[in-house]
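Architecture at a glance
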Amino acid sequence: MALPHLVPPAPRAVLKLGRFSLALDRPLIMGVLNVTPDSFSDGGRFFDPLEAFDHANRMIAEGADILDIGGESSRPGAAPVDADEELRRVMPVLEKLAGLPVPVSIDTAKPEVMLRAIAGGAAMINDIFALRAPGALDAVAGSAAAACLMHMQGEPRTMQQEPRYQDVVAEVCEFLAARAAAAVAAGIDPERIVLDPGFGFGKLPHHNLELVRALPRLRSLGYPLLAGLSRKSLFGKITGRMAGERVHASAAGALLAVQRGAAIVRVHDVAATRDSLLVLRAIDDDTFSLE
Ligand code: HH2
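Calculation notes
Residues numbered from 1 in each chain as written. Predicted model: local features only at pLDDT ≥ 70, side-chain atom pairs only at ≥ 80, totals over all residues. Heavy atoms only, no water. Near = heavy atom within 4 Å. Polar contact = N/O pair within 3.5 Å; in protein donor to acceptor, adjacent residues only side chain to side chain. Areas by Shrake-Rupley, 256 points an atom, 1.4 Å probe, with all protein chains shown as cover. Phe/Tyr/Trp six-rings, centres within 6.5 Å; stacked < 30°, edge-to-face > 60°. Lys NZ or Arg CZ within 6 Å of the ring centre and 35° of its normal. Buried < 20%, exposed > 50% of the residue type's maximum accessible area, 1.4 Å probe, protein only. Helix = DSSP H or I, 4+ residues; strand = E, 2+ residues; numbered from the N terminus. Pairing = 2+ DSSP bridges. pLDDT = per-residue confidence, 0-100. Contact = heavy atoms within 4.5 Å. Expected span 1.5 Å × (residues − 1). Bend = angle between axes of the 7 residues up to and from the residue. Axes fitted to C-alpha atoms, helices over the stretch in contact; angles between N-to-C directions. Parallel < 35°, antiparallel > 145°, perpendicular 65-115°, else oblique. Left-handed = near helix turned anticlockwise from the far one by under 90°.

Re the site of the ligand
Contacts to the ligand come from 18 residues, most closely from Ser 39, Ser 74, Asp 196, Lys 232 and His 268. The side chain of Asn 126 places a nitrogen or oxygen atom 2.7 Å from a nitrogen atom of the ligand. Lys 232 is positioned such that a nitrogen or oxygen atom in its side chain is 2.6 Å from an oxygen atom of the ligand. Against a free-state accessible area of 480 Å², the protein chains account for coverage of 98% of the ligand.

This is the structure we're talking about:
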């Protein structure tokens, strides 16, 4: 399949998210805040809104540029959650965080949740279904919120059973280009769109590796890329470690994704990621000040 853009466009200067505008001249760190009992690596730890608030402040102090609150786990086999329950989990935390100087993203695929979250101050909607639910495009288009459009083959319950691709990179490119076009056609400002290949979402380990290698090609679609590799099972396969012990592998993964063109890394371990990205910057940018 011919790619829609063959020549990489000039890198975009900023990402607009609600009332925020973040410069893209350095990689951004999105800190994960799962307000769920069952997320794959931190389920139950921040279910209490006060615990969630403390963790959010810790991540900001460690260098998070964006916080991503999720009220429903997308791990294979996770129990689905209805919109009322998702709102019950997410809204009290959003209310406490909306006044902070860091944009808050809500990880949801439900238009009802999107609308309430945006009204409550969310600056970004991070949708693993890429705004495919009926009403989702309009929910975001009627606002100033940014949108992260992610690729997934299948749906979370069954996505890891037998993912198949002829050419994983071409298929992910084609999907993301089509979703970005649908978002722009619905009225979402291109400066508010982020694309994500969806590591681990209907992908075998070798598919994930191919997609990391192909980040420069995905970048040629013309939108900032988000990479969500943190603590994922790919690193379990590579290192033999459990989810909570994948900090070092995840920091390496974030670094390598940024080197290949990711603009945002979605991570659980903000301090480790920040340090690894600072080392990269010190080496790559000879104006980086060590004084
Ligand atoms: N990964 C997860 C959830 N949301 N969103 C984007 N854009 N990209 C990702 O790679 C991504 C995502 C899965 O991680 P986590 O939130 O820690 O787990 P769970 O879905 O079990 O809550």
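Picking up where we left off.
Comments concerning the packing of aromatic side chains
The geometry of two aromatic rings is summed up by the distance between their centres and the angle between their planes. Per the stated rule, a full pass over the model turns up zero aromatic pairs. One cation-aromatic arrangement involves Lys 96 over Phe 53; the distance from NZ or CZ to the ring centre is 4.8 Å.

Structural notes on the pairing of strand β8 (residues 193–196)
On β8, burial covers both faces: Ile 193 and Leu 195 on one face and Val 194 and Asp 196 on the other are all buried. Two strands pair when backbone bridges link them, and strand β7 (residues 146–150) and β8 are joined in this way by four bridges, in the parallel orientation. Paired with Met 150 across the two strands is Asp 196, which belongs to β8.

Comments concerning the confidence of the model for the chain
Per-residue pLDDT for the chain averages 94, and the proportion of residues at 70 or more is 96%. Within the model, the stretch residues 1–8 combines pLDDT values under 50 with ten contacts to residues more than four positions away or in other chains.

Some remarks on helix α2 (residues 83–97)
An α-helix turns once every 3.6 residues. As a result, residues three or four positions apart point the same way. In a regular helix each residue adds 1.5 Å, so 15 residues correspond to 21 Å; α2 covers 20 Å between its end C-alpha atoms and thus fits that length. Approximately 30° is the largest bend angle found in α2, and it occurs at Val 90, with the proline Pro 92 only one to four residues beyond. Listing the buried residues of α2 in full gives Ala 83, Glu 86, Leu 87, Arg 89, Val 90, Met 91, Val 93, Leu 94 and Leu 97. In this fold, the buried residues of α2 make contact with β3 (28–34), α1 (49–62), β4 (66–70), β5 (104–107) and α3 (111–119). The residue sitting at the N-terminus of α2 and contributing the capping side-chain oxygen is Asp 82; that oxygen lies 3.3 Å from the backbone nitrogen of Asp 84.

Structural notes on the environment of Ala 136
Residue placement: Ala 136 occurs in helix α4 (residues 136–141). Along the sequence, Ala 136 and Glu 162 sit 26 residues apart, while their C-alpha atoms lie 28 Å from each other.

Concerning unusual backbone geometry
Most peptide bonds take the trans form, and the phi angle of most residues other than glycine is negative. The backbone of Leu 131 sits at a positive phi, close to 60°, despite the residue not being glycine. With respect to the element layout, Leu 131 can be found in the loop between β6 (124–127) and α4. Here Leu 131 falls in the buried class, since its relative accessible area comes to 1%. One non-glycine residue with positive phi stands out, namely Arg 231, at about 60°. The residue Arg 231 is located in the loop between β9 (225–227) and α8 (233–239) in this model. The class for Arg 231 is buried, based on a relative accessible area of 7%.

Some details on the packing of helix α9 (residues 247–259) against helix α10 (residues 270–284)
Viewed as axis vectors pointing N to C, α9 and α10 meet at an angle of 40°, and their least axial separation amounts to 9 Å. Between α9 and α10, the crossing angle belongs to the class labelled oblique. As for the relative orientation of α9 and α10, their crossing is right-handed in sense. Between α9 and α10, the contacting residues are Val 247, Ala 251, Ala 254, Leu 255, Val 258 and Gln 259 on the first element and Ala 272, Thr 273, Ser 276, Leu 277 and Leu 280 on the second.

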